[in-house]
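# Residue-level structural notes
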Amino acid sequence: MATLQAIKYSRGKLLVLDQLRLPHEHHYDEVSTAEEAFDCIRSMRVRGAPAIAIVAALAHAVELHNGSCAAKSPEDTIAYIESRLDFLKESRPTAVDLSNAISLLKLAARAAKLEGLAHPEAKHAILNSYIEAAENILAKDLENNTSIGSFGAVWLQQQYHATPDRPISVLTHCNTGSLATSGHGTALGIIRTLHSRGLLKHAYCTETRPYNQGSRLTSFELVFEGIPSTLVTDSMAAALFALHREGMNIGAVIVGADRVVRNGDTANKIGTYALAVLARHHGVKFVVAAPTTSIDLETETGAGIEIEERKPEELTQISGAVVNADGSIDTSKTARVAIADQRIGVWNPAFDVTPHTLIDAIVTERGTVVKGANGKFDFSHVLPESALCAQASPDSPQQRPLIDDNAITHDPSDAPAYRVPLLTLHRDLVNVPSISGSEGDAALLLKQILTSLNYTVQLQSLPSSFPTLSQPRYNTMVANYGTDVPNLEGDHVSYLYGPGSILVAHGEDEGLMVGELEAAVEGYKRLIKHALKV
């Protein structure tokens, strides 16, 4: 095959490479339902945070395309889609890419343009909106991976002044290449890029017990690509650094991520934390490669990450192709053997959490994030909404949430069918600190946040006839009412439009704009999440 592909997709058909059969056999499973996708993910026939999200999204797209939804109304169609996505979300709870994709897909279904459509046209519009969003996740992942590879290679080259005459060596853990993504990979994508630019001396990969993703998959990808490489056991990393760091110019441990939380703590395959400790001791850079879809700003620290625990047999048993007496491998025969006393107790967490203090850089498709002078990661230039959250001082005396749970209510009966249900913001239940800066900065911040959530946002200037807003504390969203200024003393409302677009508030002539805003930190995020019902 010309390139390694874990996922092959055309509308209505999804093929997923069974990675449990690698490296000796290439077999693609056809996945046509959410149940089949759940089993494929749970059994780890497909793995890697980006690939998991893609398979879940596309499997549901396939079953929708093939007529699985029997709903008779737009409301029931959306309910069916969301129930299937909620089911898929439980397949691998640690990987944030999956939950992020599900949130985006729910939004896409709700954002379908339904104005003037009756059944079944309205239903078809919702299904098409979902399918197109799922297909976009696949397309965008490859683009993101290529960018991660480039940003990571540039950063490492700068750190070590690497040249073709003085290339660097790296160590990687688990599998983060084409088999874990739509192509190219994240951590392995950086290694690929270093190699293509003549900056890589050697790549070491750990076997990655207990599921051996490194020995089964990463070593296979490295050999396939012709990248100079060596396989080591997980327990050899310390000796490798001690004995060969200088001679091989080992400059970095590069890993992927299943979840990066707000402070930079990173959940990844079990064994990652130990490598970070060893890297710090030996003066080797520790780099996390992760798309922004793997960054979870809702979780403050690694203590809030749910760690999946897997069955004992993954430690006490192993499967593989049969080795004949003459040393040849018979790929037609597979055997499962016991490698431990089956009575022993087993603890088998799938992931561990590496503290941000041990991480030197987090490479995303939007750039490389390093810690500031305060020792903290600032994701503001790759995730604009994190800048908004930074506006809130942790030392603030306020004791209650920025937006009370009762501050926002839905009234679907009052909203046109093609809109997300009407939002009413009750000002007396909102505590919104001011955002400092020149006029219009808050509107730009909101645009950045919504753009990062894959909305299309249009900003317009306020007309000269629009009065100055002198009551900013509670004016979260304001529309162009011309000379008919809304009652800023009372509640006001906003609408979300689709597909993929947001316009706020509603005037008599439906001339809509984002006006001067003052909102906050978690307040923005809470408002958006209520609106999207995700």
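This one's a predicted model, so the numbers in the text were calculated from it and none came from an experiment.

## Some remarks on the sheet that holds strand β14 (residues 351-354)
Whenever strands of a sheet pair, they do so through backbone hydrogen bonds, lying parallel or antiparallel. Here we have 4 strands laid out as an open sheet, ordered β11-β8-β9-β14, and mixed in their pairing. One side of each edge strand has no neighbouring strand; the edge strands of this open sheet are β11 (295-296) and β14. Relative to strand β9 (residues 266-269), strand β8 (residues 259-261) runs antiparallel, the two being bridged by 2 bridges. Counterpart to R259 in the pairing with β9 is A267.

## Concerning the side chain of E63
With respect to the helices and strands, E63 occurs in helix α2 (residues 49-65). The exposure class of E63 is buried, given its relative accessible area of 4%. There is a polar contact of 3.1 Å between the side chain of E63 and the backbone nitrogen of A34. A polar contact of 2.7 Å, which involves the side chain of E63, links it to the side chain of H60.

## Considering the confidence of the model for the protein
Taken over all residues, the pLDDT of the protein has a mean of 77, while the share at 70 or more is 71%. Low pLDDT, under 50, characterises residues 387-534; the stretch is placed with 265 contacts to residues that sit more than four places away or in other chains.

## Some points on helix α1 (residues 34-42)
Regarding α1, the residues found buried are A34, A37, C40 and I41. Buried residues in α1, looked at end-on, bunch into an arc of 120°, giving them a common side. Of the surrounding secondary structure, the elements contacted by the buried residues of α1 are β2 (13-17), α2 and α3 (74-89). One or two steps after α1, the chain reaches M44, where phi turns positive at roughly 70°.

## Describing the pattern of salt bridges
Across all of its chains, the model carries 21 salt bridges by this definition. One salt bridge connects D18 with R21, and the closest N-O pair in it is separated by 3.2 Å. The exposure class assigned to R21 is partly exposed, which follows from its relative accessible area of 33%. Between R110 and E82 there is a salt bridge whose closest N-O contact spans 2.9 Å. Remark: E82 occurs in helix α3 and R110 occurs in helix α4 (residues 96-110); sequence separation between them is 28 residues. On the accessibility criterion, R110 (19% relative accessible area) is buried. Salt bridges here are not isolated pairs; linked through shared partners, they connect R42, R92, E308, R310 and E314.

## A short note on unusual backbone geometry
The omega torsion of the bond from L22 to P23 falls at 10°, within 30 degrees of zero and hence cis. Inspection of the secondary structure assignment puts P23 in the loop between β2 and β3 (28-30). Its identity as a non-glycine residue notwithstanding, M44 has a phi of 70°, on the positive side. Relative to the helices and strands, M44 resides in the loop between α1 and α2. Among the residues examined, M44 registers a relative accessible area of 3% and is labelled buried.

Definitions and limits used
Residues numbered from 1 in each chain as written. Predicted model: local features only at pLDDT ≥ 70, side-chain atom pairs only at ≥ 80, totals over all residues. Heavy atoms only, no water. Pairing = 2+ DSSP bridges. Helix = DSSP H or I, 4+ residues; strand = E, 2+ residues; numbered from the N terminus. Buried < 20%, exposed > 50% of the residue type's maximum accessible area, 1.4 Å probe, protein only. Polar contact = N/O pair within 3.5 Å; in protein donor to acceptor, adjacent residues only side chain to side chain. pLDDT = per-residue confidence, 0-100. Contact = heavy atoms within 4.5 Å. Arc of directions from axis to C-beta. Salt bridge = Lys/Arg side-chain N within 4 Å of Asp/Glu carboxyl O.

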